[in-house]
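# Remarks on the overall topology
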Amino acid sequence: MNTAERKRSSLRAGLADSSPVVAVGVHDAMTAQLVESSGFDAIWVSGLGVSTMAYAVPDLNLITMAEMLEATRRVDAATDLPVVVDCDNGYGGLTNVVRTVREFERAGIAAICVEDNTFPKRNSLFEGKTVRELIPREEQARRIRAAKAAQETEDFVFIARVEALIAGHGVAAACERADAYVDAGADAILIHSKDKTLSEIEGFLSEWSGVGVVPLVAVPTLYPTFTVDHLGAKGFDMVIFANQTMRAAVQATEQTLEMLARELYPAAVDPSIASVDHIFELVRTQEAIAREEVPA
Ligand code: SPV
Ligand code: MG
């Protein structure tokens, strides 16, 4: 098995077994390496994360497919974990979604996730209009069917993300969309919600006939007190901690800069930041130099 096949089959096995795959969101390669060292199962390349951290732009479909692919290639090269990429709404219409599958599949990535938000999208966590339009269900199903038909390998995973709860369309509409996307060939469904009580999700879990049949993915950013075990017991096969590493990096950097600006000498921040030796270790500097050196 080559690396891509191994990552894809490990993701598929994780989605099929009894405990949820735990994925952590990243915005760069080193964060992916740190996620792997911390014992998690998979990487989520976050659209919000890459928009914010790599480009300092809002998560409004501003970053292109090529920019996301480039960020993903770096992440994928830095980890043995399967990488699941947040491909927003597939960056346009049906042919954009088809091309997105082609490009990420040929790049050896394990999985992509495509949502039914219209272009230009809005980040799902951003407060705004409570009811908003989505790509019509049948149109999104058509796009998924075309994308799956374009796939060249059996094992590449296509996750269809349902935004019906976020967009205020209700549980029945969410179930209809999930059915249509599975019928079109989606390998898994991500049901997104920002209902803190979990009651919207509970409604979906009790109404949708695909629970226990089709792998189901949760992003519990706004119902953050529910544990992986709890969500697993509810029927989820994958849980994504989508934006915690980005928020950690921003807060740590802001605090460090604040202290540096106040104290104006580097030792002031040394106790609260990684040592340079640790940085060298993380990228295996010693091993690289040892390999280069000609034995005496
Ligand atoms: C992301 O990480 O970009 C996501 C998850 O899509 S969320 O921001 O919760 O919509
Ligand atoms: Mg996103």
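Overview of the structure. (Residues numbered from 1 in each chain as written. Chains lettered and ligands numbered in written order. Predicted model: local features only at pLDDT ≥ 70, side-chain atom pairs only at ≥ 80, totals over all residues. Heavy atoms only, no water.)

### Details of unusual backbone geometry
At the junction of Phe119 and Pro120, the peptide bond is cis and its omega measures out at -5° in the coordinates. Along the chain, the position of Pro120 falls in the loop between β4 (111-115) and α6 (137-150). The phi angle at Arg284 is positive, at roughly 50°, despite the residue not being glycine. Structurally, Arg284 can be placed in the loop between α11 (276-282) and α12 (285-292). (Helix = DSSP H or I, 4+ residues; strand = E, 2+ residues; numbered from the N terminus.)

### Points about the sheet that holds strand β6 (residues 188-191)
Reading around the circumference, β1-β2-β3-β4-β5-β6-β7-β8 is the order of the eight strands in this closed barrel, with parallel pairing throughout. Here the strands of the sheet are splayed against their neighbours by 25° on average, with no regard to which way each runs. For strand β1 (residues 21-26) and strand β8 (residues 238-241), the ladder comprises four bridges, and the chain directions are parallel. Looking at the pairing, Val24 lines up with Phe241 of β8. Strand contacts of helix α5 (residues 94-106): β3 (83-86), β4 and β5 (157-162), with the helix running at about 165° to β4, the strand carrying the most contacts. (Pairing = 2+ DSSP bridges. Axes fitted to C-alpha atoms, helices over the stretch in contact; angles between N-to-C directions. Contact = heavy atoms within 4.5 Å.)

### Describing the site of ligand 1
Residues in contact with ligand 1, as listed here, are Trp44, Ser46, Gly47, Leu48, Asp86, Asn123, Ser124, Leu125, Arg161, His192, Val219 and Ala242. The contact in question runs from an oxygen atom of ligand 1 to an N or O atom on the backbone of Leu48, over 2.8 Å. For ligand 1, an oxygen atom lies 2.8 Å from a polar atom in the side chain of Asp86. Taken together, the residues of the shell around ligand 1 break down into five nonpolar, five polar and two charged. (Near = heavy atom within 4 Å. Polar contact = N/O pair within 3.5 Å; in protein donor to acceptor, adjacent residues only side chain to side chain. Nonpolar A, V, L, I, M, F, W, Y, C, P; charged D, E, K, R; others polar.)

### Considering the pairing of β1
Within β1, six of the six residues are buried, which leaves it mostly tucked inside the rest of the structure. Here four bridges tie β1 to strand β2 (residues 42-45), and the two strands are oriented parallel to one another. When the sheet's bridge partners are listed, Gly25 is paired in β2 with Trp44. (Buried < 20%, exposed > 50% of the residue type's maximum accessible area, 1.4 Å probe, protein only.)

### Some details on the pattern of salt bridges
With the rule as written, the count across this model stands at 22 salt bridges. With a closest N to O distance of 3.8 Å, Asp155 and Arg8 form a salt bridge. A residue pair is termed long-range when its members are at least 10 positions apart, and Asp155 in the loop between α6 and β5 and Arg8 in helix α1 (residues 3-16) qualify at 147 residues. Judged by its relative accessible area of 18%, Asp155 falls in the buried class. (Salt bridge = Lys/Arg side-chain N within 4 Å of Asp/Glu carboxyl O.)

### What to know about the environment of Ala141
With respect to the helices, strands and loops of the structure, Ala141 is situated in helix α6. Owing to a relative accessible area of 1%, Ala141 belongs among the buried residues under this scheme. Separated by 37 residues in sequence, Ala141 and Ala178 place their C-alpha atoms 9.5 Å apart. With near-sequence residues (within four places) excluded, Ala141 lies in contact with Ala180, Tyr181 and Ala184.

### Brief notes about helix α7 (residues 171-183)
Between its first and last C-alpha, α7 extends 18 Å over 13 residues, near the 18 Å set by a 1.5 Å rise per residue. Inspection of α7 places Ala173, Ala174, Cys175, Arg177, Ala178, Ala180 and Tyr181 among the buried residues, and these make up the whole buried set. Positive backbone phi, approximately 115°, marks Gly185, located one or two places after α7. (Expected span 1.5 Å × (residues − 1).)

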